[in-house]
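The primary structure of each chain is shown beneath.
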Amino acid sequence: QVQLVESGGGLVQAGGSLRLSCAASGRTFGYYVMGWFRQGPGKEREIVATITLSGSSTYFPDSVKGRFTISRDNAKNIVYLQMNDLKPEDTAVYYCAQSRGGPIASTRSYAYWGQGTQVTVSS
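Residues numbered from 1 in each chain as written. Predicted model: local features only at pLDDT ≥ 70, side-chain atom pairs only at ≥ 80, totals over all residues. Heavy atoms only, no water.

Caption draft 1: Region of interest: the side chain of Thr-50. Note on placement: Thr-50 falls in strand S5 (residues 46-51). For Thr-50, a relative accessible area of 2% corresponds to the buried category. Thr-50 has contacts with Val-33, Met-34, Gly-35, Ser-57, Thr-58, Tyr-59, Ile-70, Ile-104 and Tyr-110, leaving out every residue within four places of it along the chain. (Helix = DSSP H or I, 4+ residues; strand = E, 2+ residues; numbered from the N terminus. Buried < 20%, exposed > 50% of the residue type's maximum accessible area, 1.4 Å probe, protein only. Contact = heavy atoms within 4.5 Å.)

Caption draft 2: The arrangement of unusual backbone geometry in detail. Not every positive phi belongs to a glycine, and Asn-77 is a case in point at roughly 55 degrees. Of note, Asn-77 is situated in the loop between strand S7 (68-73) and strand S8 (78-83).

Caption draft 3: Region of interest: the state of the cysteines. Applying the stated criterion across every chain, the model contains one disulfide. Residue pairing for Cys-22: its cysteine sulfur links by disulfide to Cys-96, the two sulfurs lying 2.0 Å apart. Looking down the S-S bond of the Cys-22 and Cys-96 bridge, the torsion is 55 degrees, so its handedness is right-handed. Of this pair, Cys-22 sits in strand S3 (residues 18-26) while Cys-96 sits in strand S9 (residues 92-99), placing them 74 residues apart in sequence. (Disulfide = S-S within 2.5 Å.)

See below:
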C-alpha cells in the first residue's frame, strides 16, 4: 500500500497562486501515473491534472488548462500541483491519487488517495 498526504492548501484571493504537495510513504509511486482531483461543494469529484512517470506527458481539463501545472520528483516521492490565477470556481477539496491502470481521467483508475487539502478562493 501507499499512503499519500497532501499539503499546501489554504485561503487565497482571486488571481493568487498556491502550490500543493503530495508526499508518499510506503511503496514508491514513481512508476505510476499520478493524478490530482478536486471536489467542490455540491459537485462530483473531477480530474484536475495527471502526469506520467517521466513527467513529459500531462493532462489538464479545459477548466484549468493554462493556469495549473503538475510535476513530480520520483526520487523524493513527491508530486506537485502549481495553481496560478486562481478563481472562486477553483474552491474545492483537492486530492492526489495513484493510478492502478485504466483511463487516466477516471476516478475508478486510482487505487490510493490522500486525505485531501482545502483550497478556498475568495472574490
